[in-house]
Amino acid sequence: MEKIVIEGGAPLKGAVRVSGAKNAALPVIAACFLAQGTHRLKNVPHLKDVQTIKTIMSGMGVGFSEENGVLSVDTAEVSGYFAPYGLVKTMRASILLLGPLLARLGRAKISLPGGCAIGARPINLHLRALAAMGVDMFLDRGYINATVDRLKGAKIFFDIPTVTGTENILMAAVRAEGTTILENAAKEPEIVDLADFLRAMGAHIEGDGTDTIVVEGVKELSPAPEHSIIPDRIEAGTLMIAAAITKGSVSIEGCRPEHLAAVIEKLHSAGATVREMQNGLVVQGQDPIISVDIETMPFPGFPTDLQAQFMALMCIAKGSSVIRETVFENRFIHVSELRRMGAEIRIRGNQALVVGKERLLPAPVMATDLRASASLVLAGLVAEGGRTEVNRIYHLDRGYEALEKKFQALGASIWREKI
Ligand code: EPZ
């Protein structure tokens with residue numbers, strides 16, 4: 001086990017490059033099942049979740065190799081279709097294998113992802129859509145057993161614009177017989193990146209990035225030419241908030257401002273200056289930090305994956321702010337840990353009232369989920385007069401590539417220690 005130790009107080013200064021997006025890399029890697037041969041992917045982040053999907057797919061006969069920053073994925077011989085509970089329970093996004101396996105092999109046996117710290121996170125919308133495409137499924141001892149002769153196009157309406165649900169059905173539809181229409185589809189940039197990859201493989205997709213996506217199924221696809229994963233907008237947003245909370249000046253290179261409009265808007269309102277540059281953004285924190293209300297929404301609204309990080313910023317803002325979490329039902333677990341650092345936060349249902357304080361105090365705290373751990377690191381960066389120790393940082397390593405090294409390079413006193 002490891003912890004991250006921070007001696008807060010230094011304003012961050014300098015330039016940092018954003019890694020490839022975890023939530024784009026996972027569906028793109030899964031999509032490699034859809035065409036036999038070797039796929040070449042660039043800008044794939046080195047994260048625990050990426051390692052997990054590679055381990056699961058390797059168990060199905062997929063070959064992985066990496067050289068000079070290019071990940072080669074060889075799906076010429078796919079022999080298996082089983083995703084074990086032991087691995088799926090560590091990464092719910094394994095459910096993204098369902099659509100591609102059914103398209104490639106006509107069968108899949110995947111552990112039903114269990115609960116998660118931030119919410120129940122059912123996959124009923126994925127399964128209902130696949131059933132509409134002709135898939136037979138039954139649940140047996142926690143595993144989804146799915147079979148289909150050939151997927152057939154269907155008209156799908158998502159009650160909720162589910163991100164991985166949209167991605168799963170998109171991957172099932174590209175080789176289905178006929179046309180599939182996805183209505184009330186999610187519009188996240190990661191879906192557009194997946195659609196770009198699938199089109200490069202020969203898929204016929206229109207409307208990705210809007211709430212209606214139309215797919216004309218084709219019989220065969222072929223490996224795409226080299227595909228580069230989009231930059232991680234959630235890591236970029238985390239770094240932007242780090243610049244604001246430490247009242248520093250940070251150039252965030254490689255990010256795409258068009259993926260971050262809601263975050264830019266809210267940081268402007270909080271008093272930071274955000275300048276769009278040729279290859280990213282420069283964020284200059286200001287004193288005082290102004291309290292701002294946020295409500296998390298599907299893209300292009302304020303991302304739920306930055307709610308915990310923004311809450312850390314509001315903990316030392318001038319005034320009070322209301323943070324409303326509308327996507328997940330239990331995404332305030334970081335609150336009790338922030339309170340241990342002196343934050344004043346009151347929760348009423350899916351709303352948190354954050355009363356800004358002069359400062360946060362260093363303390364040992366416990367990470368509980370991926371984005372909560374990032375929030376505690378940000379709080380530690382401004383907690384002066386001692387050490388903040390963030391425990392259980394395996395949560396952090398699931399979604400951030402060496403985050404403490406990025407903050408070290410920006411002047412923070414932060415390091416990793418073995419426990
Ligand atoms: C994706 O999760 C992301 N993960 C999450 O990022 C992100 O928080 C989330 O989208 C929302 O943006 C990946 O892309 C790998 P959803 P996903 O299906 O697809 C409900 C991170 O920190 N729902 O869009 O699982 C669900 O319970 C992670 O990187 C159903 O009810 O989220 C939630 O309330 C955390 N039934 C809402 O929809 C379903 O079948 C949105 O979930 C599917 C979803």
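The present account deals with the structure reproduced in this document. The residue count restarts for each chain, going from 1 along the sequence in the order it is written. For a predicted model such as this one, the threshold for reporting local features is a pLDDT of at least 70, and the threshold for listing and counting side-chain atom pairs is 80 or more; totals across whole chains, interfaces and linings nevertheless cover every residue. Working from all heavy atoms in the structure, the side-chain values ignore hydrogens and water.

1. Focus: the layout of surface pockets
Using protein atoms alone on a 1 Å grid, points that fit a 1.4 Å probe yet trap it form a cavity, whereas open point sets bounded by protein on both sides within 12 Å along at least five of seven lines form a pocket; residues with an atom within 4 Å of a point count as lining. Grid points are joined across faces, edges and corners, and a volume is the space filled by probe spheres set on the points. Its volume calculated, the second largest pocket comes out at about 420 Å³. Three classes are used: nonpolar for Ala, Val, Leu, Ile, Met, Phe, Trp, Tyr, Cys and Pro, charged for Asp, Glu, Lys and Arg, and polar for all others, with Gly counted as polar. Considered class by class, the residues forming the lining of the second largest pocket number 10 nonpolar, three polar and seven charged.

2. Points about the site of the ligand
As a structural note, the neighbourhood of the ligand is formed by 21 residues, with Asn-124, Thr-162, Thr-164, Asp-305 and Val-327 the closest of them. What qualifies as a polar contact is a pair of N or O atoms within 3.5 Å, subject to a donor-acceptor requirement within protein and to the restriction that residues adjacent in sequence count only when both atoms come from side chains. Take Asn-124: an N or O atom from its side chain is 2.7 Å from a nitrogen atom of the ligand. In this structure, Val-327 approaches the ligand through a main-chain N or O atom, which is 2.6 Å from an oxygen atom. Burial of the ligand by the protein amounts to 88% of the accessible area it has alone, namely 820 Å². Only DSSP runs of H or I covering at least 4 residues are called helices, and only runs of E covering at least 2 are called strands; the numbering of each starts at the N terminus. At the level of elements, helix 1 (22-31), helix 5 (124-132), helix 6 (163-173) and helix 12 (370-382) are the ones that each hand at least two residues to the shell around the ligand. The element best represented in the shell around the ligand is helix 5, accounting for three residues. Here the shell around the ligand is built from residues that sort into 10 nonpolar, six polar and five charged. It suffices for a single heavy atom of a residue to lie within 4 Å of a molecule or strand for the residue to be listed as near it. To be clear on the numbers: accessible area is Shrake-Rupley with a 1.4 Å probe, and residue cover counts the displayed protein chains and nothing else.

3. Side note on the sheet that holds strand 21 (residues 351-355)
In short, DSSP must find at least two bridges between two strands for them to pair. Spatial ordering of the open sheet is given by 18-19-21-20, a layout of four strands whose pairing is mixed. Lying at the two open borders of the sheet, with one neighbouring strand each, are strand 18 (294-295) and strand 20 (344-348). One ladder, built from two bridges, connects strand 18 with strand 19 (residues 320-324); its direction is parallel. Within the sheet, the bridge partner assigned to Glu-295 lies in strand 19 and is Arg-324. Two residues form a contact once any of their heavy atoms are found within 4.5 Å. Between N-to-C directions, angles cover 0 to 180 degrees, with each direction set by a line fitted to C-alpha atoms, over the stretch in contact for helices. Its contacts with the sheet place helix 10 (residues 307-314) against strand 18, strand 19, strand 20 and strand 21, and it is angled at close to 170 degrees to strand 19.

4. Details of the nonpolar core
In this description, a nonpolar core means a group of buried Ala, Val, Leu, Ile, Met, Phe, Trp, Tyr and Cys residues linked to one another through side-chain atoms lying within 4.5 Å. The buried label applies to any residue whose accessible area, calculated with a 1.4 Å probe on protein chains only, is under 20% of its type's maximum; exposed applies above 50%, and partly exposed to all values in between. Leu-97 and Leu-198 are the most contacted members of the largest nonpolar core, which totals 75 residues. Those residues in contact with Leu-198, other than ones at most four positions away along the chain, are Ala-31, Leu-34, Leu-170, Met-171, Val-174, Ala-203 and Ile-205. If you look at the next biggest cluster of nonpolar residues, it comprises 71 residues, including Leu-267, Ala-312, Cys-315 and Leu-403.

5. With respect to the packing of helix 1 against helix 2 (residues 48-58)
In contact at an axis separation of 10 Å, helix 1 and helix 2 are set at 10 degrees when each is read in the N-to-C sense. On the basis of their axis angle, the class for helix 1 and helix 2 is roughly parallel. Contact residues: helix 1 offers Lys-22, Ala-25, Leu-26, Ile-29 and Ala-30, while helix 2 offers Asp-49, Val-50, Ile-53 and Met-57. Looking at the contact of helix 1 with helix 2 residue by residue, the class counts come to seven nonpolar, no polar and two charged. Note on terminology: angles under 35 degrees are roughly parallel, angles over 145 are roughly antiparallel, angles of 65 to 115 are roughly perpendicular, and the others are oblique.

6. What about the side chain of Arg-371?
Structurally, Arg-371 can be placed in helix 12. The side chain of Arg-371 sits in the buried core without any salt bridge; Asp-305 is the nearest counter-charge, 4.5 Å away. Side-chain polar atoms of Arg-371 contact the side chain of Tyr-400, separated by 3.1 Å. For Arg-371, the contacting residues outside a window of four places in its chain are Lys-22, Asn-23, Ile-234, Asp-305, Ala-308, Gln-309, Arg-331, Gly-399 and Tyr-400. Only four residue types enter the tally: Lys and Arg on the positive side, Asp and Glu on the negative side, with His and both chain ends excluded. Salt bridges are defined by distance alone: a side-chain nitrogen of Lys or Arg within 4 Å of a carboxyl oxygen of Asp or Glu.

7. A short note on the pairing of strand 21
In the sheet, strand 19 pairs with strand 21 via five bridges, with the strands oriented antiparallel. Counted as the bridge partner of Ile-323 is Ala-352 from strand 21. By the bridge criterion, five bridges tie strand 20 to strand 21 in an arrangement that is antiparallel. Directly across from Arg-346, in strand 21, lies its bridge partner Leu-353. Where strand 20 folds back onto strand 21 in an antiparallel hairpin, the turn is made up of two residues, including Gly-349, whose phi is positive at roughly 65 degrees.

8. Some thoughts on the sheet that holds strand 16 (residues 273-277)
Reading across from one edge, 2-15-17-16 is the order of the four strands in this open sheet, with mixed pairing throughout. Taken across any chain shown, the strands that pair with only one partner, and hence form the sheet edges, are strand 2 (13-17) and strand 16. If you compare each strand with its neighbour and ignore which way they point, the axes differ by 15 degrees on average. Pairing of strand 16 with strand 17 (residues 280-284) involves five bridges; the strand directions are antiparallel. The partner of Arg-275 across the bridge, within strand 17, is Val-282. Running over the sheet, helix 9 (residues 261-269) touches strand 16 and strand 17 and is turned about 145 degrees from strand 16.

9. Considerations on empty space enclosed by the protein
Evaluated as defined, the whole model comprises three cavities of 30 Å³ or more. The computed volume of the largest cavity comes to approximately 60 Å³. Arg-233, Glu-258, His-259, Leu-260, Ala-261, Ala-262, Val-263, Phe-299, Pro-300, Gly-301 and Pro-303 are the residues that line the largest cavity. When the residues that make up the lining of the largest cavity are grouped by side-chain class, the tally is seven nonpolar, two polar and two charged.

10. A few points about the environment of Thr-210
Summarising the element assignment, Thr-210 is placed in the loop between strand 12 (204-206) and strand 13 (212-216). Accessibility expressed as a relative area gives 36% for Thr-210, which makes it partly exposed. Along the backbone, Thr-210 and Val-322 are 112 residues apart, and their C-alpha atoms lie at a distance of 29 Å. Look past the residues within four positions of Thr-210 in its chain and what remains in contact with it is Ala-185, Ala-186 and Lys-187. Polar contacts involving the side chain of Thr-210 include one to the main-chain carbonyl oxygen of Gly-207, which spans 2.6 Å. In this structure the side chain of Thr-210 is engaged in a polar contact, spanning 3.0 Å, whose partner is the backbone oxygen of Thr-212.

That's the geometry; what it means functionally is another story.
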